[in-house]
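Residues per chain are reported as follows:
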Amino acid sequence: MTDFAAVRRKLWAVALIVGFFLLWEALCLALDVSDLVLPRPSQVFATLFARLPILWPHILQTLMTTMIGFVGGVVIGVAIGALIGVSKVAYDTAYPLLIGFSSIPKVAVVPIFVLWFGSGTVPAVLTSLVICFFPIVVNVATGLATTEPELEDVLKALGASKADILWNVGLPRVMPFFFAALKVSITYAFVGTVLAETVASNRGVGNVMMSASSNFDVPLVFAGLFVLAGLGVALYVAFSLIERRVTGWASRRDDFAAA
Amino acid sequence: MTSGTYPNDLGAERVAIALSGAAVTFGRGARKTAALSPTTLKIAEGEFVALVGPSGCGKSTILKLASGLLQPSEGAVIVGGRETAAKAMRIGMAFQNPTMLPWLTVERNIMLPLKIVRPFRGEYRAKRRTEFRDRAHALLDQVGLKGFADKYPWQLSGGMQQRANLCRALIHEPRLLLLDEPFGALDQFTREELWGVLQELWLARKPTVLLVTHDLKEAGYLASRICVMSARPGRILDDSPVDFPRPRTVAMTFDPDFVALNQRLRARIVEARGGAEQS
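Since we're looking at a predicted model, the values are computed, not measured.

A. Up close: the pattern of salt bridges. All names here are of chain B. Overall, the coordinates contain 17 salt bridges over all chains when judged by the stated rule. Between Glu 131 and Arg 135 there is a salt bridge, with its nearest N and O atoms 3.7 Å apart. Here Glu 131 and its partner Arg 135 are both found in helix α4 (residues 129-142), four residues apart, which amounts to about one turn of the helix. Of the residues examined, Arg 135 reaches a relative accessible area of 19% and is grouped as buried. We note a salt bridge from Asp 239 to Arg 225, for which the minimum N-O separation is 2.9 Å. Of the two residues, Asp 239 is situated in strand β9 (residues 236-241) and Arg 225 in strand β8 (residues 225-229); the sequence distance between them amounts to 14 residues.

Here it is as structure tokens:
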């Protein structure tokens, strides 16, 4: 693909986003929709900038909570994923339990965390952790379990230890799966945090949105949504950039090979 | 003259590989299939043995037994005097498929054995890194892959990957070389060129080589002994020394003696496939 085509594709993506907001704005104006029902994007952005000083600590709170939960989820997810990916027995034994666990609606566990730890940051961290670790487990386990035996044989024939094989074959082989999971998980982690904040916290973007909606301050509710969407996109992009550096071999990118 | 040892009668020479009644079966019960009938084979240190036979006859199974990747269902496999092959001897192995690790450049793929095998592994990161890299580049030059060190495997053709594969099998100067049709995907001329490279290497360092091949000419050119295997489940039908003087040349493969050997082995394989000679 040429640079020109790549730039043009990015421009289309930007045009789609701008067009979406313009259409929204135009429809609200044309149909005379009250800002109590659906505020126009211009009102939302105006509210966002006007209230930014008040919103800022809540944004930081949500970001921090999410990152702690996410990092915890990644660590636990990689550990469990590696365990059940390496061993067929562990895979067959643990999978039903994990599926059952991940099928539980996470809204239902928030009250339990509140019961154990009181309301505040801790339940939010835990909720984002439990909601985001499952995709990591599944992907890491799948990546390891599907490693081509021929690749492992190359090292086995040299008398490599299990640790050598995991480090030199398993780990790099898993990277594309791992990054795919990270991109899903980071957005899940935000969902978990905000979920817990709306139910049981007096801080964070989720809490701001909850109190704004009870005051009928609908533009502020939407401002909160925009903030969350922006944070999600920012982290997704960050991981995409790292992914491209680390796993370019998997998509056979020429710019990776040239680097 | 380098050969002259006689099959399964090695006298005082040191044994590199010994299969005694080694058999391999896969599966259990009704779905049990035999891959290799009980086989006895002794290979002396420094010998160059070629295994030929029809497809699926268990040639690769013998290689896997020798490398320790596979355990025999019955009998025993002793390599370098021990049962764990890789611990007993420095092994270089080239598989039928190039099996390059896709996330490493060609250079780093080739250097992989140095990262794993003693005594190199301790020195991989620190002091001898440049020396190792030079060695990798020298090998790449030898097989005609100069300038491809920084490419990724997917940027190479199948034949080029196979040549890189051969470099990886050789870089740690193995005492035992296990080659599974390493030249299968190459054109005739490259193949003959690489026969020369391999022969040179063998003459210089005298590793024990076990080569699996379909190509009788290749076997005759390279080996000091040729074993013909029967159809699956395989066993060794014929075991003959090859006494042509070294270094051998491609021109020699048109010698009447060479052609006669070829013909005789070919007849054994046709017989082994259970088919009558056609035309």
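B. A look at the UniProt feature "transmembrane region" (unreviewed entry) in chain A. Residues and elements named next belong to chain A. Those places that UniProt annotates as "transmembrane region" (unreviewed entry) correspond, in this numbering, to residues 54-85, 97-118, 124-146, 177-200 and 220-242. Taken end to end, residues 124-146 has its terminal C-alpha atoms 34 Å apart, with 96% of it in helix and 0% in strand. Counted over residues 220-242, helix gives 100% and strand 0%. Its end C-alpha atoms are 33 Å apart.

C. A look at the packing of helix α2 (residues 41-50) of chain A against helix α10 (residues 218-247) of chain A. All names here are of chain A. One way to put it is that α2 packs onto α10 with a least axis distance of 8 Å and a crossing angle of 80°. Here α2 is positioned roughly perpendicular relative to α10, judged by the angle of their axes. Contact residues: Val 44, Phe 45, Thr 47 and Leu 48 in α2; Pro 219, Leu 220, Phe 222, Ala 223, Phe 226 and Val 227 in α10. Of the residues contributing to the contact of α2 with α10, the split by class is nine nonpolar, one polar and no charged.

D. Just the interface of chain A and chain B, in detail. Tallying the contact residues gives 21 residues for chain A and 22 residues for chain B. A buried area of about 2000 Å², summed over both sides, lies between chain A and chain B, and 73% of it is on carbon and sulfur atoms. The three residues of chain A that bury the most area against chain B are Ala 157, Leu 158 and Trp 249 of chain A, which together make up 30% of that side's buried surface. Taken together, chain A and chain B are joined by zero salt bridges. Looking at the side of chain A that touches chain B residue by residue, the class counts come to eleven nonpolar, two polar and eight charged.

E. Just the domain arrangement of chain A, in detail. The assigned domain composition of chain A is domain 1 (1-33) and domain 2 (43-258). Taking only C-alpha atoms, the centre of domain 1 of chain A and the centre of domain 2 of chain A are 28 Å apart.

F. Region of interest: the environment of Ile 116 of chain B. Within the secondary structure, Ile 116 of chain B sits in helix α3 (residues 106-116). For Ile 116 of chain B, a relative accessible area of 4% puts it in the buried group. C-alpha separation for the pair Ile 116 of chain B and Gly 81 of chain B, spaced 35 residues apart in sequence, amounts to 22 Å. Residues in contact with Ile 116 of chain B, not counting those within four places in the same chain, are Leu 155, Leu 158, Ala 160, Asp 164 and Asn 168 of chain A together with Arg 121 of chain B.

G. The UniProt feature "domain: ABC transmembrane type-1" (unreviewed entry) in chain A, seen in detail. Here the UniProt feature "domain: ABC transmembrane type-1" (unreviewed entry) sits at residues 59-243 of chain A. Along residues 59-243 of chain A the backbone is 86% helical and 0% strand, and the end-to-end C-alpha distance reaches 26 Å.

H. Examining a nonpolar patch on the surface more closely. Residue and element names in this part refer to chain A. On the surface, a nonpolar cluster with roughly 500 Å² of combined accessible area is contributed by Phe 45, Phe 49, Leu 52, Trp 56 and Leu 60. Those elements that provide at least two residues to the nonpolar patch are α2 and α3 (52-86). Ranked by the residues each element gives to the nonpolar patch, the list is headed by α3, at three residues. Locating Phe 49 in the fold gives a position in helix α2.

I. Molecular detail of the sheet that holds β8 of chain B. All names here are of chain B. With respect to topology, six strands assemble into an open sheet ordered β5-β6-β7-β3-β8-β9, the strand pairing being mixed. Looking at which strands have only one partner, the edges of the open sheet turn out to be β5 (91-94) and β9. On average, each strand axis in the sheet is tilted by 15° relative to the strand beside it, whichever way the strands run. With five bridges connecting them, strand β3 (residues 48-52) and strand β7 (residues 208-213) associate as parallel partners. In the strand pairing of β7, Val 49 is matched with Leu 210. Sheet strands touched by helix α1 (residues 59-67): β3, β5, β6 (176-180), β7 and β8. Its angle to β7, the strand with the most contacts, is close to 155°. Its contacts with the sheet place helix α5 (residues 158-170) against β5 and β6, and it is angled at close to 170° to β5.

How each quantity is defined
- In every chain, residue numbers begin from 1 and rise along the written sequence.
- Both sets of labels track the order of writing: A upward for chains, 1 upward for ligands.
- Confidence filtering applies because this is a predicted model: local features only for residues at pLDDT of at least 70, side-chain atom pairs given and counted only at 80 or more, and all residues used for totals across whole chains, interfaces and linings.
- Side-chain measures here rest on the full set of heavy atoms in the structure, leaving out hydrogens and waters.
- Salt bridges are defined as contacts in which a side-chain nitrogen from Lys or Arg sits within 4 Å of a carboxyl oxygen from Asp or Glu.
- Every helix listed is a DSSP run of H or I at least four residues long, and every strand listed is a run of E at least two residues long, numbered separately from the N terminus.
- Each residue is placed in one exposure class: buried if its accessible area under a 1.4 Å probe, protein chains only, is under 20% of its type's maximum, exposed if it is over 50%, and partly exposed if it falls in between.
- UniProt positions are given in the numbering used here, feature names are shortened, and annotations may be inferred rather than shown by experiment.
- Simply put, an axis is a line fit to the C-alpha atoms, just over the touching stretch for a helix, and the angle between two N-to-C directions goes from 0 to 180 degrees.
- An angle below 35 degrees is treated as roughly parallel, one above 145 as roughly antiparallel, one from 65 to 115 as roughly perpendicular, and anything else as oblique.
- In this description, contact between two residues means that some pair of their heavy atoms is separated by no more than 4.5 Å.
- Three residue categories are used. Nonpolar comprises Ala, Val, Leu, Ile, Met, Phe, Trp, Tyr, Cys and Pro, charged comprises Asp, Glu, Lys and Arg, and polar comprises the others, including Gly.
- Buried area is understood as the total, over both parts, of accessible area removed when two parts are fitted together, assessed with a 1.4 Å probe.
- Domain borders in the structure are assigned automatically or taken from a domain database.
- Two joining distances apply to patches: 9 Å for like charges and 5 Å for nonpolar side chains (Val, Leu, Ile, Met, Phe, Trp, Tyr), and every residue must have over 30% relative accessible area and no salt bridge.
- Here the accessible surface of atoms and residues is derived via Shrake-Rupley with a 1.4 Å probe, and residues count as covered only by protein chains that are part of the display.
- Here, a strand pair is defined by DSSP locating no fewer than two bridges between the strands.

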